[in-house]
Amino acid sequence: MPTTATKTATAMTNAIDVLIDNSCDAKNVPDDVQFRQWATAALRGLRTRAEVSIGIVDEQNSAALNQQYREKNYATNVLSFPSDLPEDFDPPLLGDLALCAAVIEREAHEQRKPVLAHWAHMVVHGCLHLVGFDHIDDDDADQMEAREITILHALGFANPYEKERELHP
């Protein structure tokens, strides 16, 4: 993910190195410990070593990235940029996530979910994309959602899809 901002934090947690960059200085963003916990939980059993960069971006940057890489002209909650380096590359760079604080907060309110739970879901969702999970077809979506639900449950969060289904049957 292209960024000119300075990395604000880095730490090694269970061999998953998470770099966090709040380039938009968004308020009400979870703390670095939470981001590391969520990314590590998402990758548990999938990677023993990895580096993930998490960038917190504003709506303008999210929309620009979404347009450039997905040809979609709007800001989105999370964008995943998997590394194309071999898995044995050292350090094992997994990829980058761009999380749009404003979109995540707005969606949480619209979906009547706790904002922190939606942040956790977007980090887990993005990390799963980095290791090859997708939701293009129904079978892949079911598999990815089931894994997200299990991970989030282990982190103490409710099924992120239940309230969404109640609002959009």
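All values reported here derive from a predicted model rather than from experimental measurement. Throughout this document, residue positions are counted from 1 along each chain, in the order its sequence is written. Under the rules for a predicted model, residues below a pLDDT of 70 receive no local features and side-chain atom pairs below 80 are neither given nor counted, while totals for whole chains, interfaces and linings still include all residues. In computing side-chain values, all of the structure's heavy atoms are included and hydrogens and water are not.

Enquirer: Explain the layout of surface pockets here, please?
Expert: Cavities and pockets are found on a 1 Å grid laid over the protein atoms alone: a cavity is a set of points where a 1.4 Å probe fits but cannot escape, a pocket is an open set with protein on both sides within 12 Å along at least five of seven lines, and a lining residue has an atom within 4 Å of such a point. Grid points are joined across faces, edges and corners, and a volume is the space filled by probe spheres set on the points. Size it by volume and the largest pocket reaches roughly 670 Å³. Lining the largest pocket we find 28 residues, and of these Asn77, Val78, His125, His129 and His135 sit closest to its centre. Secondary structure is summarised from DSSP: a helix means a run of H or I of at least four residues, a strand means a run of E of at least two, and numbering begins at the N terminus for each. Sorting the residues of the lining of the largest pocket by element identifies α2 (59-70), β4 (78-82), α4 (115-130) and α5 (138-154) as the ones contributing at least two each. Gly counts as polar in this scheme, as do all residues outside two lists: the nonpolar Ala, Val, Leu, Ile, Met, Phe, Trp, Tyr, Cys and Pro, and the charged Asp, Glu, Lys and Arg. Taken together, the residues that form the lining of the largest pocket break down as 12 nonpolar, 9 polar and 7 charged.

Enquirer: Help me understand the packing of aromatic side chains in this model?
Expert: The relative placement of two aromatic rings is captured by the distance of their centres and the angle of their planes. Under the pairing criterion, centres of Phe, Tyr and Trp rings, with the six-membered ring standing for Trp, must be within 6.5 Å; the plane angle then separates stacked pairs below 30 degrees from edge-to-face pairs above 60, leaving the rest tilted. Applying the stated criterion across every chain yields a total of 4 aromatic pairs. Ring plane angle 80 degrees and centroid distance 5.7 Å describe the contact between phenylalanine 35 and tryptophan 38, whose orientation is recorded as edge-to-face. Of this pair, phenylalanine 35 and tryptophan 38 both sit in helix α1 (residues 32-43), 3 residues apart, which is roughly one turn of that helix. Between phenylalanine 35 and tryptophan 119 the ring centres are 5.7 Å apart and the planes differ by 80 degrees, which places this aromatic pair in the edge-to-face class. Placement of the pair is phenylalanine 35 in helix α1 and tryptophan 119 in helix α4, with a sequence separation of 84 residues. The two residues phenylalanine 35 and tryptophan 119 agree in class, both being buried. Ring pairing ties together the aromatic residues Phe35, Trp38, Trp119 and Phe157, which thus form one cluster. Relative accessibility thresholds used throughout: buried, under 20% of the residue-type maximum; exposed, over 50%; partly exposed, between the two (1.4 Å probe, protein chains only).

Enquirer: Help me out: how do you make sense of the pattern of salt bridges in this one?
Expert: When the charged atoms of two side chains lie near each other, side chains of opposite charge can form a pair. Every case where a carboxyl oxygen of Asp or Glu lies within 4 Å of a side-chain nitrogen of Lys or Arg is listed as a salt bridge. Tallying each qualifying case throughout the model produces 1 salt bridge. For glutamate 59, the salt bridge goes to arginine 106, with nearest N and O atoms at 2.9 Å. On the criterion of sequence distance, the pair formed by glutamate 59 in helix α2 and arginine 106 in helix α3 (residues 101-110) is long-range, its members being 47 residues apart. Residue arginine 106 is classed as partly exposed on the basis of its relative accessible area, which comes to 36%.

Enquirer: How should I be thinking about the nonpolar core in this particular structure?
Expert: Counting residues in hydrophobic clusters, the biggest one holds 36 residues, and the most contacted among them are Phe35, Ile54 and Leu99. When contributions to this core are tallied by element, the ones reaching two or more residues are β2 (16-22), α1, β3 (50-57), β5 (93-100), α3, α4 and α5. By residue number, the principal contributor to this core is α4, which donates 9 residues. By definition in these notes, contact holds between two residues if any of their heavy atoms fall within 4.5 Å. If sequence neighbours within four positions are ignored, isoleucine 54 has contacts with Val18, Leu19, Ile20, Asp21, Phe35, Leu97, Leu99 and Val123. To define a nonpolar core, start from buried Ala, Val, Leu, Ile, Met, Phe, Trp, Tyr and Cys residues and group those joined through side-chain atoms within 4.5 Å. One finds Ala63, Leu65, Ala75 and Phe81 within the second-largest nonpolar core, a separate group that totals 9 residues.

On their own, these measurements won't tell you what the molecule is for.
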